[in-house]
Amino acid sequence: MASLCGKVALNVARRNALCGSRRFATKVTMGDPVEHSTGLEKREYLSKIAGNENPFDLKVIKRGAGTKGQPNEIPSAFDARLVGCICEEEATNVTWMWLHKGQPRRCECGHWFNLVQKAPL
């Protein structure tokens, strides 16, 4: 008799365990990332929603004429920015230089760069 009760109890427990997961299974989805983000991440999401795909100006800027009278303008919200110049099209290295506000700078390849003030994000 004890073994019969044990089998019944085991079957009931097994059935509840199997059915229990189906009983409470609901489709859970994550909310919108904008709702969960804070700080700079939220500002970045809101900027991308507004249509600005490059809110931190990290994408490559194509060089223009780069003369002393018409230098390549590099946007920055700070007084200085580190800029890399790929001097030749097939070069495998980058020439790095610091640009400071109000001081145009010439790269080794001859192109001029100037820091332009941009509002922070």
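For the structure itself, consult the block above.
In this text, all values refer to a predicted model and were calculated from it rather than measured experimentally.

Asks: Explain a nonpolar patch on the surface residue by residue, including any values.
Replies: On the surface, Leu82, Ile86, Val94, Trp96 and Trp98 cluster together to form a nonpolar patch covering roughly 530 Å² of accessible area. Mapped onto the elements, Val94 comes out in the loop between strand E2 (80-85) and strand E3 (95-100).

Asks: Tell me what's going on with the side chain of Ser37, and back it up with residues and numbers.
Replies: The topology assignment puts Ser37 in the loop between helix H2 (33-36) and helix H3 (39-49). Ser37 sits in the buried class, given a relative accessible area of 5%. Within polar-contact distance, the side chain of Ser37 engages the backbone oxygen of Val34 at 3.3 Å. Those residues within four positions of Ser37 in sequence are excluded, and the remaining contacts are Lys42 and Tyr45.

Asks: Outline the pattern of salt bridges, supporting the account with residue identities and numerical values.
Replies: Pairing between side chains of opposite charge can happen when their charged atoms approach one another. Scanning all chains against the criterion turns up 2 salt bridges. Where Glu44 meets Lys48, a salt bridge forms, and the shortest distance between an N and an O atom there is 3.6 Å. Here the residue Glu44 and the residue Lys48 both occupy positions in helix H3, the gap between them amounting to 4 residues, near one helical turn.

Asks: Go over the sheet that holds strand E1 (residues 72-76) with me, naming the residues and quoting the values.
Replies: On the basis of which strands lie adjacent, the open sheet formed by 3 strands has the order E1-E5-E4 and mixed pairing. Each of the sheet's edge strands pairs with one partner strand only, and the pair in question is E1 and strand E4 (105-106). Relative to strand E5 (residues 112-117), E4 runs antiparallel, the two sharing 2 bridges. Looking across to E5, one finds that Arg106 is bridged to Trp112.

About the thresholds
Residues numbered from 1 in each chain as written. Predicted model: local features only at pLDDT ≥ 70, side-chain atom pairs only at ≥ 80, totals over all residues. Heavy atoms only, no water. Patch = residues over 30% accessible without salt bridge, like charges linked within 9 Å, V, L, I, M, F, W, Y side chains within 5 Å. Areas by Shrake-Rupley, 256 points an atom, 1.4 Å probe, with all protein chains shown as cover. Salt bridge = Lys/Arg side-chain N within 4 Å of Asp/Glu carboxyl O. Helix = DSSP H or I, 4+ residues; strand = E, 2+ residues; numbered from the N terminus. Buried < 20%, exposed > 50% of the residue type's maximum accessible area, 1.4 Å probe, protein only. Polar contact = N/O pair within 3.5 Å; in protein donor to acceptor, adjacent residues only side chain to side chain. Contact = heavy atoms within 4.5 Å. Pairing = 2+ DSSP bridges.

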